[in-house]
Amino acid sequence: MTDITQHGSCLCRQVTYTTTHALGPVTACHCGQCRKQTGHYAAATPAPWSSIELTGEVNWYRSSPQGRRGFCGICGSYLFWEEGDGTVYLMAGSLDGDTGLSMDAHIFYADRGDYYRATDGLPCFAAGRSGPEVEA
Ligand SMILES: [Zn+2]
Ligand SMILES: [Zn+2]
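Calculation notes
- Residues numbered from 1 in each chain as written.
- Chains lettered and ligands numbered in written order.
- Predicted model: local features only at pLDDT ≥ 70, side-chain atom pairs only at ≥ 80, totals over all residues.
- Heavy atoms only, no water.
- Pairing = 2+ DSSP bridges.
- Helix = DSSP H or I, 4+ residues; strand = E, 2+ residues; numbered from the N terminus.
- Axes fitted to C-alpha atoms, helices over the stretch in contact; angles between N-to-C directions.
- Buried < 20%, exposed > 50% of the residue type's maximum accessible area, 1.4 Å probe, protein only.
- Polar contact = N/O pair within 3.5 Å; in protein donor to acceptor, adjacent residues only side chain to side chain.
- Contact = heavy atoms within 4.5 Å.

Caption draft 1: Representation of the sheet that holds strand E5 (residues 52–55) in the model. If you walk across this open sheet you meet the 3 strands as E1-E2-E5, and the pairing is antiparallel. Edge strands, defined here as strands with exactly one partner in the open sheet, are strand E1 (6–9) and E5. Strand-to-strand twist in this sheet, taken as the mean axis angle between neighbours without regard to direction, amounts to 15°. Judged from the 4 bridges that link them, strand E2 (residues 16–19) and E5 form a sheet pairing that is antiparallel. Bridging across to E5, Tyr-17 finds its partner in Leu-54.

Laid out in structure tokens, this is it:
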């Protein structure tokens, strides 16, 4: 069997993690909360918490009733978006080395900053994936 272990870390490496989950496509989220937290937009891939081994202390900010945002309290790197159902979205930029992953969609595109547009031809959803698509 192929080893699919992926490693991740924050900028200062106080927080590191590994997952043995086969990671799927990366989704770009342009919502107002991701804008504020990242300074641009977030790109993340989901994994079950049960597949993740974590070292170091993650700080959590409950930004909405649906979930909370995990970041390093030292360097501020945004690492995790956790939903109530036990799924955690790993910020793709926190993965170490080559991931072999690709982005497949933009969500909450209607909330993006007005200073850029998606130019990759991927579907852009106004809000969540279950809703309507909009022009990039
Ligand atoms: Zn850090
Ligand atoms: Zn978002």
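Caption draft 2: Highlighting the side chain of Glu-82. Here Glu-82 lies in strand E8 (residues 78–83). Taking relative accessible area as the criterion, Glu-82 reaches 13% and is therefore assigned buried. In this structure the side chain of Glu-82 is engaged in a polar contact, spanning 2.6 Å, whose partner is the side chain of Trp-49. There is a polar contact of 2.7 Å between the side chain of Glu-82 and the side chain of Arg-68. Setting aside chain neighbours within four positions, we find Glu-82 in contact with Trp-49, Trp-60, Gln-66, Gly-67, Arg-68, Thr-87 and Val-88.

Note that every value here comes from positions in space, so none of it alone points to a role or purpose.
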